[in-house]
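Commentary on secondary and tertiary structure
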Amino acid sequence: MMTTVWEEPLVELYRDRYEPMVRLAYLLTGDRAVAEEVVQDAFVNVHRAWDRATNPPAYLRVAVVNGVRSWGRRRNLELVRRPAPPDPSVLVADEMWDALQTLPHRQRAAIVLRFYEDLPDARIAELLGCREATVRTAIHRGLAKLRKEIEP
Amino acid sequence: MTIEDDVRTMLRRRADEAHVSDDAWERIAARLEERPPRQLGRAVAAVAAAAAAFVAGVLVWPEPARQVVVPPAASTTVPVDLPPHLWAGEPGQNPAEVGMSYLRDRLGPGSRAVTGRPTGPDTEVGRFVSGSALTELFFRQVRDRWLLVAVTSDLVPIHGPRLVDGVVEGTVVAEAAGRLTLNGRVHQVRPRDRIEVRTAADGDRGRLLAVLELEDGAVALSELWIDERDDPATPDGGLVAVWPATDAEGIEALQAQADSGERPDLLDPRAVAGAFLTEVLAGSADFGVQDLRQGDASSGEVPYALADGADGTVLVRRSGGEGSIWYVVGATSASLEIAELRREETHLVADVRSSMSGTLQWTGAPPVAVRSGEIVSIGRPDTPVGSYPVVVRLVDDGSTRAVVAELSRT
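These remarks concern the structure in this document. (Residues numbered from 1 in each chain as written. Chains lettered and ligands numbered in written order. Predicted model: local features only at pLDDT ≥ 70, side-chain atom pairs only at ≥ 80, totals over all residues. Heavy atoms only, no water.)

Turning next to the packing of helix H4 (residues 95-102) of chain A against helix H1 (residues 3-15) of chain B. Interaxial distance between H4(A) and H1(B) falls to 10 Å at its minimum, and their mutual angle equals 90°. For the element pair H4(A) / H1(B), the angle class is roughly perpendicular. Across the interface between the two elements, Met96(A), Trp97(A) and Leu100(A) of H4(A) pack against Ile3(B), Asp6(B), Val7(B), Met10(B), Leu11(B) and Arg14(B) of H1(B). (Axes fitted to C-alpha atoms, helices over the stretch in contact; angles between N-to-C directions. Helix = DSSP H or I, 4+ residues; strand = E, 2+ residues; numbered from the N terminus. Parallel < 35°, antiparallel > 145°, perpendicular 65-115°, else oblique. Contact = heavy atoms within 4.5 Å.)

Shown next, in the form of structure tokens:
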């Protein structure tokens with residue numbers, strides 16, 4: 001007897017937002033495998049909070065950004081104990097990309113959310129849990145570091 | 001170009017390097033399974049089934065999944081002759097739509113999903129997962145409509161539902177802390193709290209609705225329809241027949257109808273056996289019944305044969321002599337036997353021995369495949385009523401090959 005499949009909003013969200021969120025997470029982490037892992041965890045969190053989430057796509061993006069932040073903290077702890085080997089994906093020569101990896105989480109996230117997602121300061125501030133002025137400062141300082149890295 | 005332009009270009013180029021795995025959804029589904037709803041017993045399997053359904057819908061099914069169109073919360077066109085139910089769908093609606101409409105009415109607006117599968121030719125079980133909680137919805141098809149006849153969650157079971165002298169009574173046990181709304185009254189509950197409920201019935205019928213909102217925001221609910229005349233049984237027993245009623249009061253009511261000339265068919269044991277088979281087989285097999293083989297004055301057997309050659313016997317009884325109605329107390333088959341019937345914590349489980357291969361079907365239970373000579377277990381939630389007839393069919397290639405029925409002995 002065939003199983004009946006009824007449309008599930010989570011599936012629709014997956015179809016629409018999984019790949020864009022993996023792209024965002026990749027830009028935030030610089031690691032393909034981690035990016036997928038973070039987004040998959042975010043989908044699980046969205047599923048668990050579905051009844052409370054008034055805007056599931058927005059909730060998903062928050063979950064991804066928070067997931068990246070948590071991953072960053074764990075990674076920093078691991079790096080303190082044992083330096084991680086370089087990710088093969090970052091071995092390709094790209095000074096700006098390499099420089100992006102070295103930015104603190106808030107600066108990097110602010111730059112990605114502004115220049116990739118095209119979000120306004122207010123929305124970025126909500127996502128990062130800080131004030132709009134902090135967002136502007138983070139972007140300014142992050143860009144300054146990137147400029148410094150790529151200048152001959 | 002400015003540094004901002006350079007950054008934009010670099011980010012777009014790098015974003016294209018992101019990798020999406022072919023098995024991405026399966027991995028999400030697996031993670032959902034790692035965090036199962038807090039339904040006891042079959043929770044993990046239920047989530048796995050839902051996850052598998054999602055996978056099928058996303059990755060395998062060639063046709064796009066259907067959109068659920070949530071109908072208006074209330075229907076004004078439900079015929080009055082439908083059997084008791086909690087919620088009736090509009091003609092043509094599938095159980096998912098009926099379930100979604102019901103949940104919207106009971107819980108208010110919100111994004112929810114109901115997944116499910118058929119359990120028989122006219123029955124389906126739906127599953128509503130809310131965060132960590134699982135609720136099962138039992139549907140029955142009557143003519144062109146799907147009716148929601150019971151809703152249960154092991155997180156908020158209703159024990160001992162009964163209707164006495166116009167009052168609906170029962171006990172609700174909260175299996176988790178949270179906010180319990182019981183027929184409109186709110187209670188803050190801790191795990192294992194027991195709440196007694198007494199509420200006025202609507203004539204000879206009543207409902208018990210328990211909604212548990214857990215501290216993590218998940219929602220579980222149970223709702224039962226209790227009918228003074230047709231309630232199949234209570235945990236206290238009183239189960240006397242498999243069909244056309246199941247308790248003494250139901251039999252008495254039918255006797256009254258026979259006495260008034262409304263149901264002369266119930267005075268003919270062969271007709272009673274035939275009507276029982278018609279309902280149980282639901283068009284899945286042609287059959288022929290033979291004459292009654294009377295045992296004593298109030299009991300006997302009606303042999304029957306299915307179109308494919310399998311045969312069996314319907315056991316009938318009547319409570320008095322001439323003029324008493326006949327009712328079915330069981331059905332046997334040479335091919336199918338209930339070896340043991342036992343009550344587990346949340347389920348009634350039948351161990352069934354079969355001499356033919358096929359699929360065992362029991363209303364409210366997931367179908368179970370069986371091979372010739374095997375004994376397999378099939379179980380259904382025991383929450384809606386504490387005791388009820390057990391009718392199991394063996395189905396192969398869409399046709400019923402054997403039927404076994406008996407009263408619950410647990």
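Read on, since the account is not over.
Time to look at the environment of Ala369(B). Residues and elements named next belong to chain B. In this fold, Ala 369 is placed in strand S21 (residues 368-370). Its relative accessible area of 58% is what places Ala 369 among the exposed residues. Beyond its immediate chain neighbours, meaning those up to four positions away, Ala 369 contacts Gly 358, Thr 359 and Val 376. (Buried < 20%, exposed > 50% of the residue type's maximum accessible area, 1.4 Å probe, protein only.)

What follows deals with the packing of helix H5 (residues 105-115) of chain A against helix H7 (residues 132-150) of chain A. Residues and elements named next belong to chain A. Packing of H5 against H7 leaves a shortest axis separation of 8 Å and a crossing angle of 95°. The angle between the axes of H5 and H7 places the two elements in the roughly perpendicular class. Mapping the contact onto sequence places Arg 106, Gln 107, Ala 110, Ile 111, Arg 114 and Phe 115 in H5 and Thr 134, Val 135, Ala 138, Ile 139, Arg 141, Gly 142, Leu 143, Lys 145 and Leu 146 in H7. Partitioned by chemical class, the residues of the contact of H5 with H7 number 8 nonpolar, 3 polar and 4 charged. (Nonpolar A, V, L, I, M, F, W, Y, C, P; charged D, E, K, R; others polar.)

Our focus in this paragraph is the nonpolar core. Membership of the largest hydrophobic core comes to 60 residues, with the highest contact counts inside it found for Phe43(A), Val64(A), Leu100(A), Leu146(A), Val7(B) and Leu11(B). Among the elements that line this core, the one with the most residues is helix H1 (residues 9-29) of chain A, at 12 residues. With near-sequence residues (within four places) excluded, Leu100(A) lies in contact with Leu27(A), Arg108(A), Ile111(A), Val112(A), Leu146(A), Met10(B) and Leu11(B). Counting 31 residues, the second-largest nonpolar core is a separate cluster that includes Ala245(B), Leu254(B), Val316(B) and Tyr327(B). (Core = buried A, V, L, I, M, F, W, Y, C linked by side-chain atoms within 4.5 Å.)

Residue and element names in this part refer to chain B. For strand S4 (residues 133-142), a buried count of 8 out of 10 residues is recorded, marking the element as mostly surrounded by other parts of the structure. With 8 bridges connecting them, strand S3 (residues 123-130) and S4 associate as antiparallel partners. By the bridge assignment, Arg 127 is partnered in S4 with Glu 136. Linkage of S3 to S4, two consecutive antiparallel strands, is achieved through a turn of 2 residues, within which Gly 131 is found at a positive phi near 55°. Between S4 and strand S5 (residues 145-152), which follow one another and run antiparallel, lie 2 residues, and Arg 143 among them has a positive phi close to 55°. (Pairing = 2+ DSSP bridges.)

On to the pattern of salt bridges, then. In the structure shown here, the tally under the stated rule is 23 salt bridges over all chains. Notably, a salt bridge pairs Arg61(A) with Glu117(A), separated by 2.6 Å at the nearest N-O pair. In this pair, Arg61(A) sits in helix H3 (residues 56-81) while Glu117(A) sits in the loop between H5 and helix H6 (121-128), placing the two residues 56 residues apart along the sequence. Residue Arg61(A) is classed as buried on the basis of its relative accessible area of 15%. Given the relative accessible area of 17%, Glu117(A) is considered buried. With a shortest N-O distance of 3.5 Å, Arg127(B) and Glu136(B) are connected by a salt bridge. Overall, Arg127(B) belongs to the buried group, its relative accessible area being 8%. Salt bridges here are not isolated pairs; linked through shared partners, they connect Arg114(A), Asp121(A), Glu132(A) and Arg136(A). (Salt bridge = Lys/Arg side-chain N within 4 Å of Asp/Glu carboxyl O.)

Looking now at the pairing of strand S19 (residues 347-354) of chain B. Residue and element names in this part refer to chain B. Extensive coverage of S19 is indicated by the burial of 7 of its 8 residues. Summarising the sheet, strand S18 (residues 336-343) and S19 pair through 7 bridges and their orientation is antiparallel. Pairing of Leu 341 across the sheet is with Ala 350, part of S19.

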